[in-house]
Amino acid sequence: MDIDSIFKVPKLPPGVANKRKLPDNPSPELLKRMRLDAESMNVDDSRKTSAVPSRGKGVEMEEVEDEDGHNFAPGGDADYFAEEDDEGRFFGGGLTSEQKEILNIFDSATTDDAELGDFSISKIRKLLLNFERAVNKNQDHRSKYPNDPSKFIDSEADLDSAIKALIPLSQSPALAYSELVRSGAIVLLVGLLTHENIDIVIDVIDLVFEFTDEDAENDLQEDDPEQMHEAIKVLVDGLVNNSALELLVDNLPRFNEEDESDRQGVYRTLGIFENVVAFDPNLAAGLTSKTKIMGWLLKRIQSKHHEENRSYAAELISIFLSTNTECRAQFGVAEGVETLLQVLSQFRRKDPVDAEETEFMDNLFDSLCSALHEVEIKKSFLDAEGTDLMVLIMKEKKMAQTRAIKVLDHALSGPAGESLSTAFVDALGLKTLFSLFLGKTTKKIKAGSEAITPQDTSHILSIISSLFRHLPSDSSSRIRLLAKFVENDYEKVDKVLDIRESALKRLATTDAEIAAEKQDLLDSEGEDAIDELEEMMYLRRLDGGLFTLQTVDYILAWLMVEDDGVQGHITRMLARKDKGLTDIRRTLEYYRDHIDDDESEQESAISQREILGSLIAALSGDTDRS
C-alpha cells in the first residue's frame, strides 16, 4: 500500500475559501485535532438547524454521481452520506475512509494504553512468550541468512515490537519482575545486549531503564513499599547475575553519540547504573572493579563540547566516589585525580556558561572532596600539584573559588595532610586565604563570582586548624602562619574572636530549643526516651554552633601556646565579654571527650585526642599562673 496516498487529502471544493488545508502527510495529532474540530462543528450545525422552523416535508437529496459513476461527496468524506440524524440531515466528518481508519487505529491504541496498568499473570506470560518467540525467530533467521538482511529484517521488526511491548510491565513490578526472572526471559533480554543491531540493543536499554527507574516506581501507589522493594531486588539480582552491567559497559564504545538515538542510548545506560547503585550502593564497588566504567567516565568528561551525557558522566563519578573505598581506589588507579584537575583548570579563569555546566563543575569538585578521604588519593593530589591549582583558582575570584576552598579543606585534613599543608604555604596560599577570611576582596569580586558564605568561612577555619596541626614546629611555614595573626595589630585574631561570639549565640539558641524538647519528652515519655535521643541532640548542637566553637577555640589555644603577645591580646579581649582561658579549656575538654579517632588516625604519630590533651594541659598551666 502506498502510505503517502493514504495521507493525501483531496482538494477542497470550489468556494470553500477559509478552511485550513492539511499537509500532504498530516501527523496523527493533526488528524485527531481535525476530527475533534469536525465533531464540534457538527454539534453547532445541529443546533443551528434545529432552530430553523420546519417548512413541511424535508427536502429529498439525490445522490449525484460523477462522470465515472462514483458517488460525489464534498472533500471525499467517507461518511458524508452515512452520518445523518433522524430528520435526514447529513453531517460528514471531512475525512476519507483511509484517514478514518487511521484515526480508529489511534483511538484503539489509546484505549489499549489506558488498560496497560492492569495486568494479570496470564497477560504477562503471554507477552513474555511472544517476546521469547520473537527472539528465537530472529536468531534462527540471522543464523540461516547471515549475509542477507532481507531475510531477517521482518523478524527484527517483530523483535523490536516485542521488546517495546514489555515496557508496560514496569507498571506492575510486583507481579511482572518475578515472572520475568522465573521464566528465563531476563536471560534472553540480557543476551540481546550483544545483538548485532544497535537499535535492538537500545530497545533493551530503554526497557531496563524503565524497569529500574526509581521515579517511575515511586509513582506507583498501589504496591506496598516492602513488596515493591522485593520485586526490584529480584530484577536487579537477575540483571547482575547475568552480567548485564558488564555488557552495558562493553556497549558504550559501540555508540556514535553524534546520532540522536545512540546519544539517548548512552544517557539511558548511565541512568541504569545510577538506578541500580541507588537501589544497592554495594553494587558500585563491583561495577567499578569488574568493568572499565571508571575509565570511560573519566574519558567522557574530557570532551570539549559540553552536553547532557558529559554532565551525567560527572554526576556518576561523584556518586561512585561518595559510595565506598573500593570505588575511590579504582579512581586512583585510573589516574582520576590528574584528569579531574585538568578538566577543572578550565574554570580557573572562566565561569560555567549555564546552570547545567555549573552542576557539572560542582560534581567534579565534590568528586575530589570524596576521593581525598583516601591517603593514596592525597598523595596523587600532591604529585599532580593539585594544591597549587586550588590556590590559583582561589586567586581568580571566579565561581570556582569557593569550591577550591572546600577541596583544600578536605585535602589538608586528617593525618596525611602534613605534606599538603606545607605545599599550601609554599604556594603562597596564606595571603589569599586570609584575604578571603577577612572579607577584604569583596569590592574586587568580579561579575559572576560568589561571595564568601558562612559555610566557606567554616572551611577556611578548618584549613587554619589543619595548618596548626600539621606544619612542623619551628619550620618556616609555621612561623609564616603565626606571623599572619600578629600583623596589623592582631586583626585576624579579632576576626576569630568575633566568629567565636557568633557561635556562642547560635549555640545558646540551640541549647534552649533542646532543653525545651527534653522537658517535653521527660514529661511525656520519661528519661529513657531522652537517653535514646542523646546522640541526635549532640549532632544538633554541632550544627547549631558547637562545631564552629570547637574549631575556633582549637585555633585560639594554639595561638596562645605559641605566642605570648597573642595570648595577652586574646586574654584581654575575652575579659571584655566576661570570658577567660577557662572557657576555651572547657570547650576543648568537651571536644576531646566526644571525638572519635577513626582508623586512619592510627597512622599518625600523634592523634587529635592527644593534641587536645596537650593543649588543655598547657592552658591549665596558664590558668594556674594567672
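Described in the following lines is the structure provided in the data block. (Residues numbered from 1 in each chain as written. Predicted model: local features only at pLDDT ≥ 70, side-chain atom pairs only at ≥ 80, totals over all residues. Heavy atoms only, no water.)

1. Describing the overall build of the chain
Helix and strand content of the chain: 30 helices and zero strands. Sorting the 626 residues of the chain into buried and exposed places 43% on the buried side. Long-range pairs, those at least 24 residues apart, make up 72% of the contacts in the chain between residues at least 6 apart in sequence. (Helix = DSSP H or I, 4+ residues; strand = E, 2+ residues; numbered from the N terminus. Buried < 20%, exposed > 50% of the residue type's maximum accessible area, 1.4 Å probe, protein only. Contact = heavy atoms within 4.5 Å.)

2. A short note on helix α29 (residues 581-594)
Between its terminal C-alpha atoms α29 stretches 20 Å, which fits the 20 Å expected from 14 residues at 1.5 Å a residue. Taken together, the buried positions of α29 are Leu581, Ile584, Arg585, Thr587, Leu588 and Tyr591. All buried residues of α29 project into a common sector of 160° when viewed along the axis, lining one side. In α29, the exposed positions that point more than 90 degrees away from the buried face belong to Arg586 and Asp593. (Expected span 1.5 Å × (residues − 1). Arc of directions from axis to C-beta.)

3. Observations regarding a negative patch on the surface
Together, Glu308, Asp354, Glu356 and Glu359 give the surface a local cluster of negative charge. Relative to the elements of secondary structure, Glu308 occurs in helix α15 (residues 308-321). (Patch = residues over 30% accessible without salt bridge, like charges linked within 9 Å, V, L, I, M, F, W, Y side chains within 5 Å. Areas by Shrake-Rupley, 256 points an atom, 1.4 Å probe, with all protein chains shown as cover. Salt bridge = Lys/Arg side-chain N within 4 Å of Asp/Glu carboxyl O. Lys, Arg positive; Asp, Glu negative; His and termini not counted. Charge placed at Lys NZ, Arg CZ, Asp CG, Glu CD.)

4. Some words on the pattern of salt bridges
Counted under the stated rule, the structure contains 30 salt bridges. Among the ionic pairs, Glu210 bridges to Arg268, the shortest N-O distance being 3.7 Å. One end of the pair, Glu210, is in helix α8 (residues 198-212); the other, Arg268, is in helix α12 (residues 260-279), with 58 residues separating them in the sequence. The partner of Arg541 in a salt bridge is Asp511, with the nearest N and O atoms 2.7 Å apart. Taken together, the residues span a long stretch of sequence, with Arg541 in helix α27 (residues 534-562) and Asp511 in helix α25 (residues 476-524) at a distance of 30 residues. Relative accessible area serves as the criterion here: at 27%, Asp511 is assigned to the partly exposed category. Three or more residues are tied together by salt bridges with common partners; here these are Lys484, Glu487, Glu491 and Lys492.

5. Quick word on the environment of Ala423
Structurally, Ala423 is set in helix α22 (residues 418-426). Judged by its relative accessible area of 16%, Ala423 falls in the buried class. For the pair Ala423 and Leu382, spaced 41 residues apart in sequence, the C-alpha to C-alpha distance is 7.9 Å. Beyond its immediate stretch of four places on either side in the chain, Ala423 contacts Leu382 and Thr387.

6. Quick look at the packing of α8 against α12
At a closest axis distance of 9 Å, the pairing of α8 and α12 adopts a crossing angle of 35°. The way α8 lies across α12 gives a crossing that is left-handed. On α12, the residues touching Ile198, Asp199, Ile202, Ile205, Asp206, Val208, Phe209, Glu210 and Thr212 of α8 are Ser261, Asp262, Gly265, Arg268, Thr269, Gly271, Ile272, Asn275 and Val276. Class assignment of the residues belonging to the contact of α8 with α12 gives a composition of seven nonpolar, six polar and five charged. (Axes fitted to C-alpha atoms, helices over the stretch in contact; angles between N-to-C directions. Left-handed = near helix turned anticlockwise from the far one by under 90°. Nonpolar A, V, L, I, M, F, W, Y, C, P; charged D, E, K, R; others polar.)

7. Here's the deal with the packing of aromatic side chains
The description of two aromatic rings rests on the distance between their centres and on the angle between their planes. The final tally for this structure, using the stated rule, is nine aromatic pairs. Ring geometry for Phe434 versus Phe437: centroids 6.3 Å apart, planes at 80°, classification edge-to-face. Of this pair, Phe434 and Phe437 are both found in helix α23 (residues 429-438), three residues apart, which corresponds to roughly one turn of the helix. For the pair shown, Phe434 and Phe437 are each scored as buried. Their ring planes at 55° and their centres at 6.0 Å tell us that Tyr538 and Tyr590 sit as a pair that is tilted. (Phe/Tyr/Trp six-rings, centres within 6.5 Å; stacked < 30°, edge-to-face > 60°.)

8. Description of unusual backbone geometry
A positive phi angle is found at Glu335, which is not glycine, with a value near 55°. As for its position among the elements, Glu335 is in the loop between α16 (325-333) and α17 (336-344). Using a relative accessible area of 55% as the deciding quantity, one classes Glu335 as exposed. Located in the positive-phi region is Leu428, a residue other than glycine, with phi close to 60°. Mapping Leu428 onto the fold places it in the loop between α22 and α23.

9. Some details on the side chain of Thr288
Relative to the elements of secondary structure, Thr288 occurs in helix α13 (residues 283-290). Within the structure, Thr288 has its side chain in polar contact with the backbone oxygen of Ala284 (distance 2.9 Å). Only 3.1 Å separates the side chain of Thr288 from the backbone oxygen of Ala285, close enough to count as a polar contact. Contacts of Thr288, omitting those with residues within four sequence positions, involve Ile293, Met294, Phe320, Cys327 and Gln330. (Polar contact = N/O pair within 3.5 Å; in protein donor to acceptor, adjacent residues only side chain to side chain.)

10. Considerations on the side chain of Thr339
Examined against the element boundaries, Thr339 turns out to sit in helix α17. Discounting residues that sit within four places of it in the chain, Thr339 has contacts with Leu298, Ile301 and Gln302.

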